[in-house]
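# Structural overview for review
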Amino acid sequence: MSLDQPMGTVNDVPRTAPVLEVQDLRTYLYTRWGTTKAVDGVSFSLGSGETLGIVGESGSGKSMLALSLVRLTPEPAGKIVGGRVMLNGRNVLDLTDRQMREVRGKEISMILQDPQQSLNPVFSVGDQLAEAIRVHDRDLDDKLIHERSVDALKSVHVPAPERRLKNFPHQMSGGMKQRIVGAMAMAYQPQVLVADEPTTALDVTIQAQYLRLLKDLQERTGVAIIVITHDFGVIAETCDRVAVMYAGRFVEEGPVEQIFDHPRHPYTRALLESRPKVDLKSTRLQSIDGQPPSLIDLPIGCRFAARCAYAIERCLAEYPPWFEITEAHAAACWRSEEVPWPSP
Amino acid sequence: MINAVRGLLTLFAVSILVFSLARLTGDPIDVLAPVDISREDEAALRERWGLNGSIWEQYVSFVGNASQGDFGPSFKYPTETAASVIAERLPASISLGIVATVLTLVIGVPLGILSAVKRGSWLDRIAKGLALFGQSVPEFWLAIMLIWFVAVRWNVVPTSGISGWQSYILPSIVISVFGIAALLRLFRSAMLETLGSEYVKLARLKGLSEFKVVWKHALKPASIAPLTFFGGIAVRMLTGATVVEIVFAWPGVGYLAYEAANARDFPVVQALALFTAAVIIIMNLLIDITYAYVDPRVRLGQKAIA
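To keep things clear, this report deals only with the structure shown in the data block. (Residues numbered from 1 in each chain as written. Chains lettered and ligands numbered in written order. Predicted model: local features only at pLDDT ≥ 70, side-chain atom pairs only at ≥ 80, totals over all residues. Heavy atoms only, no water.)

Residues and elements named next belong to chain A. Pairing within the open sheet is mixed, and its eight strands lie in the order β6-β7-β8-β3-β9-β10-β12-β11. Either end of the sheet is taken by a strand with one partner, and the two such strands are β6 (108-111) and β11 (323-324). Where β6 lies against strand β7 (residues 192-196), four bridges are found, and the strand directions are parallel. For Ile108, the partnering residue across the bridge sits in β7 and is Val192. Against the sheet, helix α8 (residues 174-186) makes contact with β6 and β7, and its axis sits at roughly 170 degrees relative to β6, the strand it touches most. Each of β9 (241-246) and β10 (249-255) is contacted by helix α12 (residues 266-273), which is oriented at about 100 degrees to β9, the strand it contacts most. (Pairing = 2+ DSSP bridges. Helix = DSSP H or I, 4+ residues; strand = E, 2+ residues; numbered from the N terminus. Contact = heavy atoms within 4.5 Å. Axes fitted to C-alpha atoms, helices over the stretch in contact; angles between N-to-C directions.)

See below:
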């Protein structure tokens, strides 16, 4: 398999036609220190009802990837410089701003990381929810909007929805706010929902509840979900497939069990090993030595090579293509077929 | 309610301060009465001006009368009371203050918002320049320059006094320049903050138009911080801008304050100081009420549920 062949065409789960197909997406940030290649040639596809996890360290470009899908990269530094984002068969990168606004919330929605920050403190929940409903349906009268708002809150299991609509964000807990953000995102039953670290800011007990809620919404509506996280626990709980992102690119992609049990990229393995484990005698957390490369000045070879215990000369000289391991599992590593790598 | 009580206490403290400061400047008889005044005349004058008795008696009668709107006769204009002197001058100051306040809001707020929205554009650069200029230029200098160029050389508007609406142009510009600059800067930085917030990102994610994103979701939370400041400058403008009124010979209370202080016209000075304090207190109460409207987090009597 060659490098420029989009991943989605190979690894597509043939369950349904893809609702979202990303091909060779590139998003660069133009800063005064240079051009940061935050997303540098990412491809994947997503079928309806499917959940893809994107996992990576902070700074791997995963949030920028999410924002690129809805074309909300930070202005004026962020620019989508190449690739295609096919949503329901059309490239959203070709749409006008007005058309793009029609797409947001209706075909693709997003849940942001911090529920404490993502609701406007000076407007009531009902006002903010009504807005999300009215924006794509201007003819609705107030009574219908109220009914739909109540339904939307019921769909995310918010108790006493009528009263909640009158509340302001500061009168609610973080978990409640994140549910309301979820209700807003799902108000139009979009085909794709991007959840950028949806549970990072929540308490552990609330986290599990929220993930179950997402699953529940998916079962009812068939929405395809992209979960962006650095937490393999979240991946294990929610995702069908997982893509591992490193320095702006995917380095491994496959079904969750295969990635967990048989990682084929040393980075994936290192990430899995650095998870805190309760059953381990050692009290020290595993970590990956070194720092991710600067996204301004990237090496020509494998971007992980400098930190990789198994790197060979070729890794430094040439960027590895995708190696197919099974029909759905691929890794961009020269030595992906040599597993298990010799222990150091 | 608590704020209203606090306001009254403040007013009381101001009355003591005003009363005692006025006495520190010396005996008005020495300044105003002829040097060769007879004993009888002096005693009569003291009686009439309320300068008899101990300092405490003077204060008590001052507060008692003041609470009924009576500040005594003006020393300088013996046929009038302090209150009537002020009432006569007030309309000129208030009308000028309203024009300047409107000018401040109409120019300062939109410019601040637009300069944040179009950050880095030529408009932003001009606005930033204007903000720097407005906050650093001395009022008297700007006033003199405007009089010299616009009124004297180009002869477009009158140089001083009130003679028709044209007279308002220069003084209102001079008074509002500082407020425009300050509001512009405050709105710009507050808008930059809210425009970069997560809730604005979420508003865009919902598919809202840029107009709604900027003028609703970013603007309302951004207006909280400048509100306090606006209260302050509105008071300054409504109670008479002394320097500007002097330069433009504007017959308002600002100019009156200057005249009265020079003439040791105690009753007028005291009445003016109390009047200004009262306006500040009322304005702060209004601002508090507006706060509760803008920011639901400061509304009283509401408890968090979840």
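On we go.
If a strand is regular, its side chains alternate between the two faces of the sheet. Residue and element names in this part refer to chain A. Of all six residues in β9, six are buried, a share of seventy percent or more. By the alternation rule, side chains of β9 split into Arg241, Ala243 and Met245 and Val242, Val244 and Tyr246, which are all buried. Two elements, strand β3 (residues 51-55) and β9, share four bridges in a ladder whose sense is parallel. Paired with Leu52 across the two strands is Arg241, which belongs to β9. Relative to β10, β9 runs antiparallel, the two being bridged by six bridges. Paired with Val242 across the bridge in β10 is Gly254. Hairpin remark: β9 followed by β10, antiparallel, with two residues in the connecting loop; positive phi at Ala247, about 50 degrees. (Buried < 20%, exposed > 50% of the residue type's maximum accessible area, 1.4 Å probe, protein only.)

Residues and elements named next belong to chain A. With the rule as written, the count across this model stands at ten aromatic pairs over all chains. Arranged with centres 5.3 Å apart and planes meeting at 90 degrees, the rings of Phe232 and Phe260 form a pair that is edge-to-face. Placement of the pair is Phe232 in helix α10 (residues 232-238) and Phe260 in helix α11 (residues 256-261), with a sequence separation of 28 residues. Taken together, the ring pairs in this structure connect Tyr246, Tyr267 and Phe304 into an aromatic cluster. In this structure, Arg32 packs its charged tip against the face of Trp33, placed 5.4 Å from the ring centre. Positioned above the aromatic ring of Trp334 is the side chain of Arg314, whose terminal nitrogen or guanidinium carbon lies 3.7 Å from the ring centre. (Phe/Tyr/Trp six-rings, centres within 6.5 Å; stacked < 30°, edge-to-face > 60°. Lys NZ or Arg CZ within 6 Å of the ring centre and 35° of its normal.)

All names here are of chain A. Look at the link from Glu75 to Pro76: it is a cis peptide, with omega at -10 degrees. Assignment of secondary structure puts Pro76 in the loop between α2 (62-69) and β4 (78-87). Although it is not a glycine, Asp24 adopts a positive phi angle of roughly 50 degrees. Within the secondary structure layout, Asp24 lies in strand β1 (residues 18-31).

Attention now goes to the state of the cysteines. Residue and element names in this part refer to chain A. Using the criterion set out here, one finds zero disulfides over all chains in the structure. Here Cys315 is not cross-linked by a disulfide; its sulfur's nearest cysteine counterpart is in Cys333, at 5.9 Å. Judged by relative accessible area, Cys315 falls into the buried class, the value being 7%. Under the relative-accessibility criterion, Cys333 is labelled buried at 8%. (Disulfide = S-S within 2.5 Å.)

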